[in-house]
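Examining the three-dimensional arrangement
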Amino acid sequence: MDANDTTPLRAVALVCTLSPSPAASSSQLLAEQTMAALSEHGVSGKIIRLADHDVRPGVKTDMGDGDAWPEIRDTILGCDILVLSTPIWLGHPSSIAQRVMERLDAEISETDEEGRMLTYGKVAAVCVVGNEDGAHKVSADLFQGLNDVGFSLAPNAVTYWVGEAMQGTDYQDLEKTPEKTAATTATLAANTAHLARRLKSVPYPASS
C-alpha cells in the first residue's frame, strides 16, 4: 500500500440535532467543520439533518409507510465514512442519534456473499457538542454501537466541545473555534481518511 494514496473517498454526516432546518445547530456546525477537514484529505460528501426527514422507529432496514431511512441507508452504504454528530441531552446522545443506532442494528443481519456485514470496511467518527461534561460518555456509547454494527474506528475518532456546566453558551455562539477543538477535528479527519483508504485497499477477510 502506498502511504501517499489519494484514492477519492465519500463521506456522509448525519446530524442528530432535535431542531429541524433552518434552525441554527451546534451539531450541524461541528459536522460541517469535520466535513471540511475531511475534504483536505480527498473526501467529498454530504450532510443530512435527520430532523428534516421522517425516519421511523424500528430495527429493520425499511419500516414502510413513507419511512425515510432506506434512502439514507443507501447513502451510508455508498460512502466510505460515516460521521455521526450529536448534542448531549441529559448526559446522553440525542434521541435521534439513538434512533440511528436502532436502525443500524438491522445491518447485523445484512451480509455480502462472503458473510461480512455490508458496513465492514466503512469507518465511523463522532462529533459531540453540549453545555455540560459528558462528551466521553456519549462518544463511548456511540463507539460501541457503531462497532457492533460493523463500522471501524480510527484512533481519536471523536471531536467535541462542551461548555461550562449550567451555562447557556452554545458552540455556535463562540466567536471562533477553540484551538483544541479545531486540532481534534483535524486529527479525526486525518486518521479516519487514512483508515478508510487502507480498508478500501485491503478488505476484511471473509466471515466464517
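Refer to the preceding data block for the structure.
Quick caveat, the model's predicted, so the values are computed rather than measured. Residue numbers here run from 1 along each chain, matching the order of that chain's written sequence. For this predicted model, a pLDDT threshold of at least 70 governs which residues receive local features, and a threshold of 80 or more governs which side-chain atom pairs are given and counted, while totals over whole chains, interfaces and linings are taken from all residues. Remark: hydrogens and water are excluded; side-chain values derive from all non-hydrogen atoms of the structure.

This part covers the overall build of the protein chain. Tallying secondary structure elements over the protein chain gives 5 helices and 6 strands in all. In this text, helices come from DSSP runs of H or I with a minimum length of four residues, and strands from runs of E with a minimum of two, each type numbered from the N-terminal end. Going residue by residue from the N terminus, the α and β elements of the protein chain occur as β-α-β-α-β-β-α-β-α-β-α. Only the C-alpha atoms count toward the radius of gyration. The rule for a globule is 2.2 Å times the residue count to the power 0.38. Taken over the C-alpha trace, the protein chain has a radius of gyration of 17 Å; the compact-globule value for 208 residues is 17 Å, and the two agree within 12%. Over its C-alpha atoms, taken along the principal directions, the protein chain stretches across nearly 50 × 45 × 30 Å.

As a further point, take the packing of aromatic side chains. Centres within 6.5 Å make a pair out of two Phe, Tyr or Trp rings, where for Trp the six-membered ring is used; the pair is then stacked when the planes are under 30 degrees apart, edge-to-face when over 60, and tilted otherwise. Across all of its chains, the model carries 2 aromatic pairs by this definition. Ring centres of Y120 and Y204 lie 5.7 Å apart, and the angle between their planes is 70°; on these two criteria the pair is classed as edge-to-face. Separated by 84 residues along the polypeptide, Y120 in the loop between α3 (95-104) and β5 (123-130) and Y204 in the segment after α5 (179-201) bring together distant segments of the chain. Here W161 and Y171 contribute two aromatic rings whose centre-to-centre distance is 5.7 Å and whose plane-to-plane angle is 45°, an arrangement assigned as tilted. Placement of the pair is W161 in strand β6 (residues 152-162) and Y171 in the loop between β6 and α5, with a sequence separation of 10 residues.

This paragraph deals with the pattern of salt bridges. Here, a salt bridge means any side-chain nitrogen of Lys or Arg that lies within 4 Å of a carboxyl oxygen of Asp or Glu. On inspection of all chains with the given rule, the structure shows 8 salt bridges. In this structure, R56 engages D65 in a salt bridge whose closest nitrogen and oxygen atoms are separated by 3.3 Å. Of the charged contacts in the structure, one is a salt bridge between D141 and K137, with a shortest N-O distance of 2.8 Å. On the criterion of helical spacing, the pair formed by D141 and K137 is a turn pair, its members being 4 residues apart in helix α4 (residues 135-148). Each residue is assigned to one of three classes by its accessible area relative to the maximum for its type, calculated with a 1.4 Å probe on protein chains only: buried under 20%, partly exposed between the two thresholds, exposed over 50%. Owing to a relative accessible area of 36%, D141 belongs among the partly exposed residues under this scheme.

To define a nonpolar core, start from buried Ala, Val, Leu, Ile, Met, Phe, Trp, Tyr and Cys residues and group those joined through side-chain atoms within 4.5 Å. Of all hydrophobic cores here, the largest spans 29 residues; its most connected members are L14, L50, I76, L104 and L146. No other element matches α3, which puts 5 residues into this core. Throughout, a contact is declared for two residues whenever any of their heavy atoms are within 4.5 Å. Here I76 is in contact with V12, L14, W69, L82, L104, K122 and F151, once residues within four sequence places are set aside.

By this rule, a helix spans an expected 1.5 Å times one less than how many residues it contains. The terminal C-alpha atoms of helix α1 (residues 26-39) lie 20 Å apart, and with 14 residues this matches the ideal 20 Å at 1.5 Å per residue to within 8%. Taken residue by residue, α1 has S26, S27, Q28, L30, A31, T34, M35, A37 and L38 as its buried positions. In this structure, the buried residues of α1 make contact with β1 (9-15), β2 (43-49), β3 (81-89), β5, β6 and α5. For α1, the N-terminal capping position is held by S25, with its side-chain oxygen 3.3 Å away from the main-chain nitrogen of S27. We define a polar contact as two N or O atoms separated by no more than 3.5 Å, with the added condition that, inside protein, one atom must be a possible hydrogen donor and the other a possible acceptor, whereas residues neighbouring each other in sequence contribute only through side-chain atom pairs.

This brings us to α4. If you check α4, its first and last C-alpha atoms are 20 Å apart, about what 14 residues at 1.5 Å a residue would give, namely 20 Å. Within α4, the full set of buried residues consists of A135, V138, S139, L142, G145 and L146. Down the axis, α4 shows its buried residues gathered within 130° of arc, on one side only. Along its buried surface, α4 packs onto β3, β4 (92-93), α3, β5 and β6. Immediately downstream of α4, the backbone of G150 shows phi near 105°, a positive value. Comment: arc refers to directions from the helix axis out to C-beta atoms.

You can see P155 is positioned in strand β6. With relative accessibility at 57%, the residue P155 sits in the exposed group. The spacing of P155 and T187 is 32 residues in sequence and 8.8 Å in space, taken between C-alpha atoms.

Position of R198 relative to the elements: it lies in helix α5. For R198, a relative accessible area of 15% puts it in the buried group. Separated by 193 residues in sequence, R198 and D5 place their C-alpha atoms 8.9 Å apart.

Attention now goes to unusual backbone geometry. The peptide bond linking S21 to P22 adopts the cis configuration, its omega dihedral lying at 10°. Mapped onto the elements of the fold, P22 is located in the loop between β1 and α1. With a phi angle near 50°, D65 is a residue other than glycine that sits in the positive phi range. A residue is classified by how much of its surface remains accessible, and D65, at 66% relative accessible area, is exposed. The residue N156 is not glycine, and still its phi comes out positive at about 55°.

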